[in-house]
Amino acid sequence: MPIDLICLDADDTLWHNMRFFDRAEQAIVAMLEPFADAGLTREAMARTEGRNLSLYGYGAKSFTLSMIEVALELGGDDLPVSAVRDILAAGRDLLAHPVELLEDIEATLTALAARGRLVLVTKGDLFHQEAKLAASGLGERFAAVEIVSDKSAETFERLFARHGVDPARAMMAGDSMRSDVLPALTAGAWAAFIPQPLAWSHEVAEAPADAARFRQLSTLAELPGWIDSIG
Ligand SMILES: [Mg+2]
């Protein structure tokens, strides 16, 4: 059965993302060195980010608020005001870094567009995701762009219905097992997992046991070949 709709994640699927968050986390680890070791700071960041997701959503701005919260928690009343200033600067860097495409993305998008309608599906801060898409120069490549607050099975079910496609003829590809692969499979679609280094702990999950509509690929460039083998 051919694939009609090809949905692609953006962050760490089309362009680099986690390396910038990792850089910001390294900055806060260094800033908080007088108060806590690296392990404690990273553990507090993961806990605080997870707790704040339901309030702030995903993205660089909520990450910045979590950095401030962790600095206040670990530094207490001894935290210098300059630390907050430095965290805000690290947060602005996160929002302003240049978009760096992963290898061979443009040629891969050309190959995929010959096989189905392309839809970009990304979560995070609306303004920031729109800015990154504009800076990437890839906007024209997609039939539709969906910036969602979270990626659940319902998100994908609604998306497939809106695009008038049978889920069995839809594909989702991305670097997150939790947000790209598992909910798309639950919604009845095919899913490709393309892991990247520096994965965020929140996005890690077990691979699906039923592997019929699932494939792990080493790069997005392998996706057109898998789609051809399905057809
Ligand atoms: Mg991603």
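Read on for an overview of the structure. (Residues numbered from 1 in each chain as written. Predicted model: local features only at pLDDT ≥ 70, side-chain atom pairs only at ≥ 80, totals over all residues. Heavy atoms only, no water.)

1. Details of the coordination of the magnesium ion
The magnesium ion binds to the protein through Asp 9 (OD), Asp 11 (O) and Asp 175 (OD), with metal-donor distances spanning 2.1 to 2.2 Å. Each donor residue of the magnesium ion lies on one chain, and together they are spaced D-x1-D-x163-D. Of the two residues, Asp 11 sits in the loop between strand S1 (5–8) and helix H1 (18–31) while Asp 175 sits in the loop between strand S4 (170–174) and helix H8 (177–186), which places them 164 residues apart along the sequence. Each member of the pair, Asp 11 as well as Asp 175, is classed as buried. (Donors = N, O, S within 2.8 Å, 3.2 Å for Na, K, Ca; no water. Helix = DSSP H or I, 4+ residues; strand = E, 2+ residues; numbered from the N terminus. Buried < 20%, exposed > 50% of the residue type's maximum accessible area, 1.4 Å probe, protein only.)

2. Things to note about the nonpolar core
Residues Leu 8, Leu 14, Met 171 and Leu 223 are the most contacted members of the largest nonpolar core, which totals 26 residues. Mapped by element, the contributors of at least two residues to this core are S1, helix H5 (105–113), strand S2 (117–123), S4, strand S5 (190–193) and helix H9 (223–230). The leading source of residues in this core is H9, at four residues. Those residues in contact with Leu 8 that lie beyond four places of it in its chain are Leu 14, Leu 109, Leu 112, Val 119, Leu 120, Val 121, Phe 142, Met 172, Ala 173, Leu 220 and Leu 223. Formed by 20 residues, the second largest nonpolar core is a distinct cluster that contains Val 119, Leu 159, Ala 170 and Leu 185. (Core = buried A, V, L, I, M, F, W, Y, C linked by side-chain atoms within 4.5 Å. Contact = heavy atoms within 4.5 Å.)

3. Looking at H8
The buried count for H8 comes to seven of 10 residues, which makes it a mostly enclosed element. For H8, the set of buried residues is Met 177, Ser 179, Asp 180, Val 181, Pro 183, Ala 184 and Leu 185. As for H8, its buried residues are in contact with S2, helix H7 (153–162), S4, S5 and strand S6 (214–216). The residue sitting at the N-terminus of H8 and contributing the capping side-chain oxygen is Ser 176; that oxygen lies 3.3 Å from the backbone nitrogen of Arg 178. At the C-terminal side of H8, Gly 188 shows a positive phi close to 100°. (Polar contact = N/O pair within 3.5 Å; in protein donor to acceptor, adjacent residues only side chain to side chain.)

4. As for the sheet that holds strand S3 (residues 144–148)
Strand order in the open sheet formed by six strands is S3-S2-S1-S4-S5-S6, and the pairing between neighbours is parallel. What marks the edges here is a single partner per strand, and that holds for S3 and S6. Strand after strand, the sheet turns through a mean of 20° between neighbouring axes, direction not considered. With four bridges joining them, S4 and S5 adopt parallel strand pairing. Directly across from Met 171, in S5, lies its bridge partner Trp 190. Packed on one face of the sheet, helix H6 (residues 126–136) meets S2 and S3 and runs near 150° to S3. Relative to S5, H8 is tilted by about 160°, and along the sheet it contacts S2, S4, S5 and S6. (Pairing = 2+ DSSP bridges. Axes fitted to C-alpha atoms, helices over the stretch in contact; angles between N-to-C directions.)

5. A short note on the pairing of S2
Summarising burial for S2: six of the seven residues are buried, a large majority. As paired strands, S1 and S2 are joined by four bridges and run parallel to one another. Bridging from a neighbouring strand, Leu 5 pairs with Arg 117 of S2. Here S2 runs beside S3; their pairing, made up of five bridges, is parallel. Along S3, the bridge assignment pairs Val 121 with Glu 146.

6. Quick notes on unusual backbone geometry
We note that Asp 12 has phi near 65°; this positive angle belongs to a residue other than glycine. By the secondary structure assignment, Asp 12 is in the loop between S1 and H1. Residues other than glycine seldom take positive phi values, yet Asp 104 does so here, at roughly 60°. Within the secondary structure, Asp 104 sits in the loop between helix H4 (81–96) and H5.

7. Let's talk about the pattern of salt bridges
Summed over all chains, the structure comprises 14 salt bridges. For the salt bridge of Asp 9 with Lys 151, the shortest nitrogen-to-oxygen distance reads 2.8 Å. Here Asp 9 is found in the loop between S1 and H1, whereas its partner Lys 151 is found in the loop between S3 and H7, with 142 residues between them in sequence. The pair Asp 9 / Lys 151 is uniform in exposure class, with both members buried. When the shortest N-O distance is used, the salt bridge between Asp 228 and Arg 115 registers 2.8 Å. (Salt bridge = Lys/Arg side-chain N within 4 Å of Asp/Glu carboxyl O.)

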